[in-house]
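In case you want the letters, here they are:
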Amino acid sequence: MSTEYEISRIQERWLPIWDKLKPFDSSREDDDRPKKYILDMFPYPSGDLHMGHAEAYALGDVVARYWMQRGYNVMHPIGWDAFGLPAENAAIKRGLDPRAWTYENIDQQKSSMRRYACSFDWDRVLQTCDPIYYRWNQWLFLQFYERGLAYRKNSNVNWCPSCQTVLANEQVVQGLCERCDSQVTKKALTQWYFKVTDYADRLLDDLDTLEGAWPSKVLTMQRNWIGRSIGANVDFEIEGREQPVSVFTTRPDTLYGATFMVVAVDSELARELADAAPTDVKAAFEDYLDATKQANDIERLATDREKTGLFLERYASNPLNGERIPIWVSDYVLADYGTGAIMAVPAHDQRDLDFANAMKLPVRVVVQTDEDPIETGIATTGDGVLINSGELNGLGKAEAIEKAIEILEDRKTGIRSKNFRLRDWLISRQRYWGTPIPIIHCEKCGEVPVPLDQLPVELPDSSGLDLQPKGTSPLGAASDWVNVACPKCSGPARRDSDTMDTFVDSSWYFLRFLDPNSEEVAFDVEKAKSWAPVDQYVGGVTHAILHLLYARFFTKVLHDMKLIDFEEPFTRLLNQGMVLMNGAAMSKSRGNLVRLSEQLDEHGVDAIRLTMSFAGPPEDDIDWADVSPAAASKFLARAWRVANDVKSAKEVDPTTGDAEMRKHTHQFLKSFGEAIEGFKFNVGVAKVMELTNALRKAIDTGPGAADPAVREGAEELAKALSLYAPYAAEEMWSVLGHEPSVALAGFRAVDETLLVQSEMVAVVQVNGKLRDKFSVPVDISEDELRELALASEQVQKAIGSSEIKNVIVRAPKLVNIATG
RNA sequence: GCCCCGAUAGCCCAAUGGCAGAGGCAGACGACUUAAAAUCGUCACAGUGUCGGUUCGAGUCCGACUCGGGGCACCA
């Protein structure tokens, strides 16, 4: 046995042993330990693991290994989010096969994860690009289709000219493509959607059930994203048009202040209204529409942008007072929100006021407040008394809203309604490396779902296909693949050649882990009952909206399909921060990239994992310039030496050991558990260091290396350290005479009797300032403590000649004397 | 512009309303050593961003502000 702690030697020693023992196997049917499902967000296989992965997986592992030590049957699976553009782009750029590129990277990441000692259950691995996985994407798509939750429509969609594909709303950030930062433009296309908006209310309301269990930041972002507005749809009669135009408003109380109507310039309605307008107006409309289409979202969304618009020379009629108001078109009204038309109340809506001022339109105040928007130029939105509003006069804002809706509903010219900022999820992509959409288009029968027994619709080989993005799916050119007989009429038909957004893959993968290789079902309903939902989800905040919202949507649909009995997929969520270098995100171009592999070679896996955990609270960013893996390494050696110094036999009875040392150990066990369960992994490390220091002292200058309490402490130290530094912990466990694996050794139960103190230090304050302290029995009475405190010389000196006004006694800890 | 989070020692960070320090880095000193490294030990350093309030007592609660980070921002 070596007397030195050597990184490389111990790492090589344990991997094969773990392979043989499979300590993280969660598949045993007869396992009667309580179950816990701990999940790390699965990675995208673009190259090898980096520092960010190292942090995320270190923290996830602490949680997983903690519950194992607590005696739980922990399912801690891993897989790969393996479809997606980078594989395809690598293929285009370097002439590689996207499939081969993906699997190569997966192999590399897998071996890095094993070396990194992740406690994954390697028998549950999945890859979303495997037909055995994505056939269930297709199956789910067809289930959604059957329920009307998957549909095709033509609309103006986000288009990334660089990726040459459509994007979901969620993938457009500040008008730029989330992936490549190109300016996103609009394009009219027929695309597949999932009807997320059907679930908008539940997606919003159920966030309340996650309060306290998810970071509030994420909850806020989701609430913002869904953006529910309550109000009314109000019908305005239009001169020269059969049908009235309905507008959505959250302020039906201000209906009397509506001095004009605005229609989104790029809406169907605007086109129709303009067509029947005078010719010169019509020509101006075309010019304005063209200009709008050229403006990108960045310009359009700029809040300080000047309002533009055009009067159509047509008129609408206010349903409450019959007033004739002009109809304008503008680009500040969105075609795809509400009905694409608004009633403009300039006095009480800033956008409308800006427009009215720009176009010299009238402003009428109907809610009286201290400020006059006509004078200030600032629209008032607060509460006030209704004026100029007929039957609403004299009411407050809230009553007026109710009354207005009542009147509208009575007259059948309006209805209570709500609107969401959330749009349906656009899922089709004109790219190769994704799940084929299982629909066949037949000239006679239209959209025909691929029969379930013909799933999966496998992706054809990429050889011979031109993957270069050109706005249509490369699959369309795979003639052998795309041309099929219609399942209904057997006539000539074509497969849908689009592939699914990869967020479809990740929306339900946590369920697939229950049964990753099943050919019969997407996941087993009974296994879902016993394992799901995920007890603890760990991942970056970058997925705060996209992935988490979609996964929540899928969960609710699957619940309604009666496949699962819960409505939220992730019971608890932990967002780890990012790893930075010198205050900035690492990148090659910045020249501040820290290579994980180099760090691991230099310091070893244990030291890097420990550094990641100890750097600070998990949700904070780690600046690699601020941390010291060398120090972590030094500490591990110190801990190892403590274990190596233990002289007692492993059979000794710890209760015969030194009481002080035992107290240290059991206090440690208690506070360590509290730290981990509160996600304070850095505090957990500090506790481990504290225990190590106590053991060092006990061995050197206390009861000595042969004391049974020292063995007890060293054993618990090894178990606790196994969360952070699995190799060193295994080595310690072995040197203490035990068989592997320490990962499953299980913490000793806390002996509460050891934590009871007979004496403790009481402090005495005078006016909140510390003046004296002395040791007292823990069960000292308030009166006794008060007397002791008042008898103190220090205290008397501090009181001096002033009068004692109040004495607060918190036995046995504290006395505070307030003087006048 | 609105909302959220943070600010504690030279640095990273702890502290159920009750002694500002758990732990670490960097630093000083000592032991061991021919010496150094490693190791072991000892020590020093802040009154908690600013102002005000509540309280017997505030890093902790409340209000305003400064700085830093994040989210939202023509969604009617």
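Before reading on, note that the structure itself is shown above.
Let us look at the structure shown here. In this convention, every chain numbers its residues from 1, walking through the sequence in written order. Chain A is the first chain written and ligand 1 is the first ligand written, with later ones labelled in order. The predicted origin of the model limits local features to residues at a pLDDT of at least 70 and limits the giving and counting of side-chain atom pairs to 80 or more, whereas totals for whole chains, interfaces and linings rest on all residues. Side-chain metrics in this entry use all non-hydrogen atoms of the structure; hydrogen atoms and water are not considered.

1. Here's the deal with the protein's contact with RNA strand B
Okay, step 1: Distances are taken per atom, and a residue is near a molecule or strand as soon as one of its heavy atoms is within 4 Å of it. Around RNA strand B sit 45 residues in total, of which Ser229, Thr250, Arg351, Arg421 and Met689 are the nearest.
Okay, step 2: If you look at RNA strand B and keep only atoms within 4 Å of the protein, 62% of those are sugar or phosphate atoms.
Okay, step 3: A 3.5 Å cut-off defines polar contacts: any pair of N or O atoms within that distance qualifies, except that in protein one atom must be a possible hydrogen donor and the other a possible acceptor, and neighbouring residues in sequence count only when both atoms are side-chain atoms. A distance of 3.5 Å separates a sugar or linking oxygen of RNA strand B from a polar atom in the side chain of Lys217.
Okay, step 4: In the model, a sugar or linking oxygen of RNA strand B is placed 3.0 Å from a nitrogen or oxygen of the Tyr332 main chain.
Okay, step 5: Runs of E in the DSSP output that reach at least two residues are strands. Runs of H or I that reach at least four are helices, and both are numbered from the N terminus. Looking at the surface near RNA strand B element by element, the count peaks at seven residues for helix H23 (residues 681-701).
Okay, step 6: Under the scheme applied, nonpolar residues are Ala, Val, Leu, Ile, Met, Phe, Trp, Tyr, Cys and Pro; charged residues are Asp, Glu, Lys and Arg; polar residues are all the others, including Gly. Of the residues belonging to the surface near RNA strand B, the class tally is 18 nonpolar, nine polar and 18 charged.

2. Remarks on the packing of helix H21 (residues 629-645) against helix H25 (residues 726-735)
Okay, step 1: One can describe the packing of H21 onto H25 by two numbers: an axis separation of 9 Å at closest approach and a directional angle of 15 degrees. As far as their axial angle goes, H25 and H21 are roughly parallel. You can see that H21 and H25 cross each other, and the crossing is right-handed. Taking contact as the criterion, the partners of Leu636, Ala639, Trp640, Ala643 and Asn644 in H21 are, on H25, Ala728, Glu731, Met732 and Val735. Inter-axis angles, ranging from 0 to 180 degrees, are taken between N-to-C directions of lines fitted to C-alpha atoms, where helices are fitted over the stretch in contact. The labels follow the angle: roughly parallel below 35 degrees, roughly antiparallel above 145, roughly perpendicular from 65 to 115, and oblique for the rest. Helix crossings are classified by the rotation of the near helix relative to the far one: an anticlockwise turn of less than a right angle makes the crossing left-handed, while a clockwise turn makes it right-handed. For this analysis, residues touch if any pair of their heavy atoms sits within 4.5 Å.

3. Topic: the packing of aromatic side chains
Okay, step 1: Note on ring pairs: Phe, Tyr and Trp rings are taken, using the six-membered ring of Trp, and paired if centres are within 6.5 Å. Classes follow the plane angle, with under 30 degrees stacked, over 60 edge-to-face and the rest tilted. The tally for this structure, following the rule as stated, stands at 42 aromatic pairs.
Okay, step 2: Plain terms: the ring middles of Tyr66 and Trp67 are 5.0 Å apart, the flat faces sit at 80 degrees to each other, and that makes the pair edge-to-face.
Okay, step 3: Its relative accessible area of 13% is what places Trp67 among the buried residues.
Okay, step 4: Ring pairing ties together the aromatic residues Phe141, Phe144, Tyr145, Trp192, Phe194, Tyr199, Trp425, Phe503, Tyr550, Phe553 and Phe554, which thus form one cluster.
Okay, step 5: The side chain of Arg135 reaches across the aromatic face of Trp136, ending 4.7 Å from its centre.
Okay, step 6: Over the ring of Tyr116 we find Arg609, and its NZ or CZ is 5.7 Å from the ring centre. The classification of residues rests on relative accessible area computed with a 1.4 Å probe and restricted to protein chains. Under 20% of the type maximum is buried, over 50% is exposed, and intermediate values are partly exposed. Only when the NZ atom of a Lys or the CZ atom of an Arg is both within 6 Å of the ring centre and within 35 degrees of the ring normal do we say a charge sits over the ring.

4. Here's the deal with the pattern of salt bridges
Okay, step 1: Salt bridge, as used here, is a side-chain nitrogen of Lys or Arg placed within 4 Å of a carboxyl oxygen of Asp or Glu. Applying the stated rule across the entire model yields 49 salt bridges.
Okay, step 2: A salt bridge links Lys529 to Glu526, with the shortest nitrogen-to-oxygen separation between them at 3.7 Å. Placement of the pair is Lys529 and Glu526 together in helix H17 (residues 525-531), with a separation of three residues, close to one helical turn.
Okay, step 3: The salt bridge involving Glu568 is made with Arg552; its shortest N-O contact spans 2.9 Å. With Glu568 in the loop between helix H18 (546-560) and strand E27 (573-576) and Arg552 in helix H18, the pair connects residues that are 16 residues apart, well separated along the chain.
Okay, step 4: Within the structure, one salt-bridge network assembled from shared partners comprises Arg662, Arg711, Glu712, Glu715, Glu716, Lys719 and Arg748.

5. So, empty space enclosed by the protein
Okay, step 1: Using a grid of 1 Å spacing that covers the protein atoms alone, one calls a set of points a cavity when a 1.4 Å probe fits there but cannot get out, and a pocket when the set is open and has protein on both sides within 12 Å along at least five of seven lines; lining residues are those with an atom within 4 Å of a point. Grid points are joined across faces, edges and corners, and a volume is the space filled by probe spheres set on the points. Under the defined criterion, the tally for this structure stands at four cavities of 30 Å³ or more.
Okay, step 2: Each pocket or cavity is described by its volume, and for the largest cavity that value is around 200 Å³.
Okay, step 3: In terms of lining, the largest cavity is formed by 18 residues, of which the most central are Leu85, Gln171, Arg179, Arg429 and Asp501.
Okay, step 4: Every element with two or more residues in the lining of the largest cavity is listed here: strand E6 (165-167) and strand E25 (499-500).
Okay, step 5: Element by element, the count of residues in the lining of the largest cavity is highest for E6, at three residues.

6. Some details on the sheet that holds strand E28 (residues 579-581)
Okay, step 1: The strand order across the open sheet formed by three strands is E29-E28-E30, and the pairing between neighbours is mixed. Lying at the two open borders of the sheet, with one neighbouring strand each, are strand E29 (584-585) and strand E30 (622-623).
Okay, step 2: Sheet analysis places E28 next to E29, joined by two bridges and oriented antiparallel. Residue pairing in the sheet places Met581 in a bridge with Ala584 of E29. In this scheme, strands are said to pair when DSSP sees at least two bridges between them.

7. Regarding the nonpolar core
Okay, step 1: Joining through side-chain atoms within 4.5 Å is the link that ties buried Ala, Val, Leu, Ile, Met, Phe, Trp, Tyr and Cys residues into a set, and such a set is a nonpolar core. Counting residues in hydrophobic clusters, the biggest one holds 127 residues, and the most contacted among them are Phe141, Phe194, Trp425, Phe553, Met612 and Trp624.
Okay, step 2: If one sorts the elements of this core by residue count, H18 sits on top with nine residues.
Okay, step 3: If sequence neighbours within four positions are ignored, Phe553 has contacts with Phe144, Phe194, Lys195, Val196, Tyr199, Leu203 and Trp425.
Okay, step 4: Membership of the second largest hydrophobic core comes to 57 residues, among which are Leu636, Trp640, Ile699 and Ala728.

8. Notes on helix H22 (residues 659-677)
Okay, step 1: Between its first and last C-alpha atoms H22 spans 27 Å; for 19 residues at 1.5 Å apiece the expected length is 27 Å, and the two agree.
Okay, step 2: The set of residues buried in H22 consists of Met661, Arg662, Lys663, Thr665, His666, Phe668, Leu669, Phe672, Gly673, Ala675 and Ile676.
Okay, step 3: Of the surrounding elements, those touching the buried residues of H22 are helix H2 (51-69), H23, helix H24 (708-721) and helix H26 (752-755).
Okay, step 4: Taking the backbone nitrogen of Glu660 as reference, a side-chain oxygen 3.4 Å away marks Asp658 as the first, capping residue of H22.
Okay, step 5: Directly after H22, the chain includes Phe679, whose backbone phi takes a positive value near 60 degrees. The span you would expect from a helix comes to 1.5 Å times its residue count less one.

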